[in-house]
Amino acid sequence: MKRHLGTDYGGWTIDIDDVKDGDTVLDLGLGEDISFSQELAALRKVNIIGVDPTEKSHKYVESLPQSPLTLIKKAVVKDGIETITMRKNRNPSHVSESFLSGHNSVGDDSYEVDGVSIKQLRDLHPNISLIKMDIEGGEYDVIDECLGIQQLCIEFHHFCIDGIAISDTNNCIKKLLDNGYEILDKNAQATEFTFQLKQ
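Quick caveat, the model's predicted, so the values are computed rather than measured.

Basis of the calculations
The numbering scheme is per chain: residues are counted from 1 as the chain's sequence reads. Whole-chain, interface and lining totals are the exception, using all residues; otherwise, since this is a predicted model, local features are given only for residues with pLDDT of at least 70 and side-chain atom pairs are given and counted only at 80 or more. Side-chain numbers come from the whole structure's heavy atoms, not from hydrogens or water. Only Phe, Tyr and Trp rings are paired, with Trp represented by its six-membered ring, and only when their centres lie within 6.5 Å; those with planes under 30 degrees apart are stacked, over 60 edge-to-face, the remainder tilted. Under the scheme used here, helices are H or I runs from DSSP no shorter than 4 residues and strands are E runs no shorter than 2 residues, and both carry numbers assigned from the N terminus. Buried, partly exposed and exposed residues are distinguished by accessible area as a fraction of the type maximum, computed with a 1.4 Å probe on protein chains only: under 20%, between the cut-offs, and over 50%, respectively. In plain words, nonpolar cores are sets of buried Ala, Val, Leu, Ile, Met, Phe, Trp, Tyr and Cys residues tied together by side-chain atoms within 4.5 Å. Residue contacts follow a heavy-atom distance rule, with two residues in contact if any of their heavy atoms lie within 4.5 Å. Whenever Lys or Arg places a side-chain nitrogen within 4 Å of a carboxyl oxygen from Asp or Glu, that contact is recorded as a salt bridge. We treat two strands as partners when DSSP finds at least two bridges between them. Angular values range over 0 to 180 degrees, each being the angle between N-to-C directions of two axes fitted as lines to C-alpha atoms, with helices fitted over their stretch in contact. Every angle not falling under 35 degrees, over 145, or within 65 to 115 is termed oblique; those three ranges are roughly parallel, roughly antiparallel and roughly perpendicular.

Describing the packing of aromatic side chains
Each pair of aromatic rings is reported with the distance of its centres and the angle of its planes. Tallying each qualifying case throughout the model produces 3 aromatic pairs. Aromatic pair phenylalanine 156 and phenylalanine 193: ring centres 5.9 Å apart, planes at 70°, arrangement edge-to-face. Taken as a pair, phenylalanine 156 in the loop between β10 (151–155) and α5 (166–178) and phenylalanine 193 in strand β12 (residues 192–197) lie far apart in primary sequence, 37 residues in all. With relative accessibility at 0%, the residue phenylalanine 156 sits in the buried group.

A word on the nonpolar core
Formed by 30 residues in total, the largest nonpolar core has its most connected members in Leu28, Ile131, Met133, Leu152, Phe156 and Phe195. Secondary-structure elements contributing two or more residues to this core are β3 (24–28), β4 (47–51), α3 (118–124), β9 (128–133), α4 (139–146), β10, α5 and β12. The leading source of residues in this core is α4, at 4 residues. If we ignore the near neighbours within four places in the chain, the residues touching leucine 28 are Val51, Val76, Ile118, Leu121, Ile131, Lys132, Met133, Asp134 and Ile135. With 18 residues, the next largest nonpolar core counts Ile14, Val19, Leu64 and Leu69 among its residues.

As for the pattern of salt bridges
Two side chains carrying opposite charge are able to pair once their charged atoms lie near each other. This structure, assessed with the given rule, holds 7 salt bridges. Between lysine 175 and aspartate 144 there is a salt bridge, with the nearest N and O atoms lying 2.7 Å from each other. Of the two residues, lysine 175 is situated in helix α5 and aspartate 144 in helix α4; the sequence distance between them amounts to 31 residues. You can call lysine 175 partly exposed: its relative accessible area is 33%.

Some remarks on the sheet that holds strand β7 (residues 83–89)
Spatial ordering of the open sheet is given by β6-β8-β7, a layout of 3 strands whose pairing is mixed. Among the strands making up the open sheet, the edge pair consists of β6 (75–77) and β7. Strand-to-strand twist of the sheet, defined as the mean angle between neighbouring strand axes without regard to direction, takes the value 55°. Taken together, the 3 bridges between β6 and strand β8 (residues 106–117) define a ladder with parallel strand orientation. Following the sheet pairing, alanine 75 is matched in β8 by glycine 115.

Here's the deal with the packing of α4 against α5
The contact between α4 and α5 brings their axes to 10 Å, and the two run at 5°. Considered as vectors, α4 and α5 are oriented roughly parallel to each other. Facing Tyr140, Ile143 and Asp144 of α4, the residues of α5 in contact are Asp168, Thr169, Cys172, Lys175 and Leu176.

Structural data, given as structure tokens:
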């Protein structure tokens, strides 16, 4: 059954029937809105792993009276990368950061952070049924590591990163469709997609 979980800003539409009690869910890129994970945890007894490298996101999650997720303070990286340089947002009131210098929101200030790959997380948690990913351009490097997961909620960032084009997003979408996925939902801007493995 299709159902939208979370706020208009941070929410996603998924097939709730494809998430079972006892499953693990990866929430990659938390920012300051974990409403999707909060509403999902209210419906299913799931193990939610939240990953975000930004201090602003850490403070937000840790300030909540109750959080449904286990927080990993690392950046999502391609398997084999141990550390990465993150670039801070030029606007200190905004939370989004990226390792890509072409991201329209980031400036010159940077810091090193440990990375964790989706492959590593899948090795640790073999029962992952859903990945939600909003990682500011990093999605293009890790699409292959997502294949086989039942549902994928992905925001693509071709619209805000110099050097990444709509063709890069289309190539990722084609790869997913070629590997047995169908589009369950997308937003009006065609930047946020929910993919579901065909039954």
